[in-house]
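Okay, here's what each chain looks like letter by letter:
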Amino acid sequence: MKKPEHPFRFVTVSYLTRIGNQSATNLGELRDGLEKCSDTSIFYHTFQSLGRYHFLTEGFSNEFAQWVLAGLNSPMLAEQLAAPDIRSYLTLSDLRTDLLAITDEYCRKHPEEVGRLAFEPFYFLESIEVTIPHMWEAWTLDEFRHRLEHLSNESFHYHFLVSRLRLGLRTNDFSVWFENELGLKSLAQLTNRIDVYTNTLEGARTKLYTFIDRELAA
Amino acid sequence: MTITKSDAHSISLDAYIPLLGAPEIEELRALAAQISGRTVQMVNSTAMGGGVAEILNRLIPLMQELGLRPRWDVITGGEDFFEVTKAFHNALHGGPYQARKENFELFLATNESNRQRLQFDCEFTVIHDPQPVALVEARSRQEGHWLWRCHIDLSKPHPDVWGFLRPFVYRYDGALFSSPEFARQLPIPQYLSYPCIDPLSEKNVDLDPATVREIVERFGIDLARPIITQISRFDRLKDPIGVVRAYQIVRRYMDCQLVIAGGSASDDPEGEIVLEEVRREAKDDPDIHLLNLPPWSATEINALQRASTIIVQKSLREGFGLTVTEALWKKKPVVASAVGGIPAQVIHKHTGLLVHSVEGTAYQIRFLLSNPALAHKLGEQGHDHVRENFLITTNVKRYLTIFLHSLQRSC
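Below: a short report on this structure. Worth saying up front: this structure is predicted, and the values here are computed from it rather than measured.

## What about the packing of helix α2 (residues 39-52) of chain A against helix α7 (residues 153-167) of chain A?
All names here are of chain A.
And then number 1: Across the interface, α2 lies against α7 with an axial gap of 10 Å and an inter-helix angle of 135°. Between α2 and α7, the interaxial angle falls into the category oblique. Of the two possible hands of crossing, α2 and α7 adopt the one that is right-handed. Taking contact as the criterion, the partners of F47, L50 and G51 in α2 are, on α7, E154, H157, L161 and V162.
And then number 2: The residue inventory of the contact of α2 with α7, partitioned by class, reads four nonpolar, two polar and one charged.

## Points about the pairing of strand β9 (residues 257-262) of chain B
Every other side chain in a regular strand lies on the same face of the sheet, so the side chains alternate between the two faces.
Residue and element names in this part refer to chain B.
And then number 1: Of all six residues that make up β9, six are buried, and the element is covered over most of its length.
And then number 2: Of the two faces of β9, the one carrying Q257, V259 and A261 and the one carrying L258, I260 and G262 are both buried.
And then number 3: Two elements, strand β8 (residues 227-231) and β9, share five bridges in a ladder whose sense is parallel. Counted as the bridge partner of Q230 is I260 from β9.

## Concerning the sheet that holds strand β10 (residues 288-292) of chain B
All names here are of chain B.
And then number 1: Here we have six strands laid out as an open sheet, ordered β10-β9-β8-β11-β12-β13, and parallel in their pairing. Bordering the open sheet on either side are β10 and β13 (353-355), each of which pairs with just one other strand. When the angles between neighbouring strand axes are averaged without regard to direction, this sheet yields 20°.
And then number 2: Its contacts with the sheet place helix α8 (residues 240-251) against β8, β9, β10 and β11 (310-313), and it is angled at close to 170° to β9.

## A short note on the nonpolar core
And then number 1: Membership of the largest hydrophobic core comes to 172 residues, with the highest contact counts inside it found for V68(A), V335(B) and A336(B).
And then number 2: Per-element tally for this core: the top contributor is strand β1 (residues 8-24) of chain A, with seven residues.
And then number 3: If sequence neighbours within four positions are ignored, V68(A) has contacts with S74(A), L77(A), A78(A) and L81(A).

## Notes on the interface of chain B and chain A
And then number 1: In this complex, chain B contributes 31 residues to the contact, which on the side of chain A involves 25 residues.
And then number 2: Contributions of two or more residues to the side of chain B that touches chain A are made by α2 (22-33), β7 (190-192), α14 (372-389) and α15 (392-410) of chain B.
And then number 3: Taken together, the residues of the side of chain B that touches chain A sort by class into 16 nonpolar, nine polar and six charged.

## What to know about the environment of T171(A)
All names here are of chain A.
And then number 1: With respect to the helices, strands and loops of the structure, T171 is situated in the loop between α7 and α8 (173-182).
And then number 2: You can call T171 partly exposed: it has 18 C-beta atoms within 10 Å.
And then number 3: Each C-alpha atom, one on T171 and one on Q189, is 8.6 Å from the other, the two residues being 18 residues apart in sequence.
And then number 4: When near neighbours in sequence (up to four residues on either side) are disregarded, T171 contacts V176 and N192.

Quick notes on the rules
Residues numbered from 1 in each chain as written. Chains lettered and ligands numbered in written order. Predicted model: local features only at pLDDT ≥ 70, side-chain atom pairs only at ≥ 80, totals over all residues. Axes fitted to C-alpha atoms, helices over the stretch in contact; angles between N-to-C directions. Helix = DSSP H or I, 4+ residues; strand = E, 2+ residues; numbered from the N terminus. Parallel < 35°, antiparallel > 145°, perpendicular 65-115°, else oblique. Left-handed = near helix turned anticlockwise from the far one by under 90°. Contact = placed C-beta atoms within 7 Å. Nonpolar A, V, L, I, M, F, W, Y, C, P; charged D, E, K, R; others polar. Buried ≥ 20, exposed ≤ 12 C-beta atoms within 10 Å, placed from the backbone. Pairing = 2+ DSSP bridges. Core = buried A, V, L, I, M, F, W, Y, C linked by C-beta atoms within 7 Å.

Laid out in structure tokens, this is it:
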């Protein structure tokens, strides 16, 4: 393990939800909303919702899919919208393009469903992110582990998942620091492979502790 | 009237650590440290009774503990003022309204007298609900940050009342609504702020099984058989008759009891009528328990919820539905109508089951009674959902975040 040139700097994050003026009462309106809503709305209903509902480790992926299932009773489209793994997206624009393509394709094949009224409307909401640098920083892996224990789920999610969009890389803040500053490529890879779809945030964190402990014991 | 710290209930933030974990509380402190010493003024129309006062009673001491300097002011007014605002309240919920010039004048005059009586010198001013909305006139130029926290459903307001109030709302820096469904199209930013429950309040604090048993048996309910419960006023919009009909369908297939427990109907003539209608529908079934409880029954409600096998909220129309929040917090499987704020809490098949009819309610109750493992899982996930989104600590965090965001916007 090499001596880092830079510490890991923890951030505290908190989100506000802004109510936009867009809503959908049928599939056609969802499609139009997906095309026109802001990037922060795509973020709210995908990246952020995965953190907000992290305790749901089965069948829940994003709020578009959930509404299509519960509001429109269209399980096939719900499954298709739930399929994209947000970890593979580096921009919200790419994610929007894919969600829109899936919806367009479904509308083309099932035109009779496009105008069918939903049980309840879907509201396009937006995330406003407020970050403040934490007073904590870590210079060693041991210190990092200790600080991690004091990080909230929301801030863990920010470093672990949201960081992909910020970095523009298929990795996360933790893995970048492990590899670039500590030279721990293997730990970086193991960390990046932790599945946030099938783990709660607490579960993902526990896995990370295990990998770090193994590294510290080596 | 200004309410000081000694008036408000003080429960330390540390008391929430066993429920939420230390990191969540530590981060509240980290966020608050950024605005330590800043002044906050909360203004509403009542010091006691009602959900807003209940929340402020908890919020103010928690903000104080976090290093802010909050103040809670309550507007005063005559009975005639509160009659006007009650009529406004009903009209804003879509009810009929006969516009009278003198009512609008009385509203403005009372707001003006409160504006002169109260001090408005805080960095953050949060005005709750329509009654004091015109206090924004006290705002000189663009000083301070003014927010309007609307706790009611504004989706279908009476045009005369909304047309009168709207210019005041436009003068705020932002508005907070309990559900996107309740919001209006406004030229100011609108934020989502879910209502919340306090897990340490009398209605939600953990009870030992002996207390639950003692209370429930006092009502003649058999703890050995499944208990289906709806907690609500005897109000047609809560559809208690629909609940009885759903129960009657379930009873064709399986043994269970029904409890409908609500607030006192003695001061509500319509409540008495609805209660009588429900009694008729119940047809002297000894397994249907209609409990007309007095307002000081928080522990009884808590025990009834904890003793229940399934909680139902079959409302035809609903605000946010805090009884659902309370049930989810107690890890109960919930079957509820997809109305108002309920879908935000009951994520279908994940934190409960959403229904749209009497038949659907009956089917989902049968389904959960037949699948206790799934019912247990829904209850557990519902509890997690409330812990993350609908507790008083989340409310504190949301205020801290909006204050920080307001400061960043003004920089």
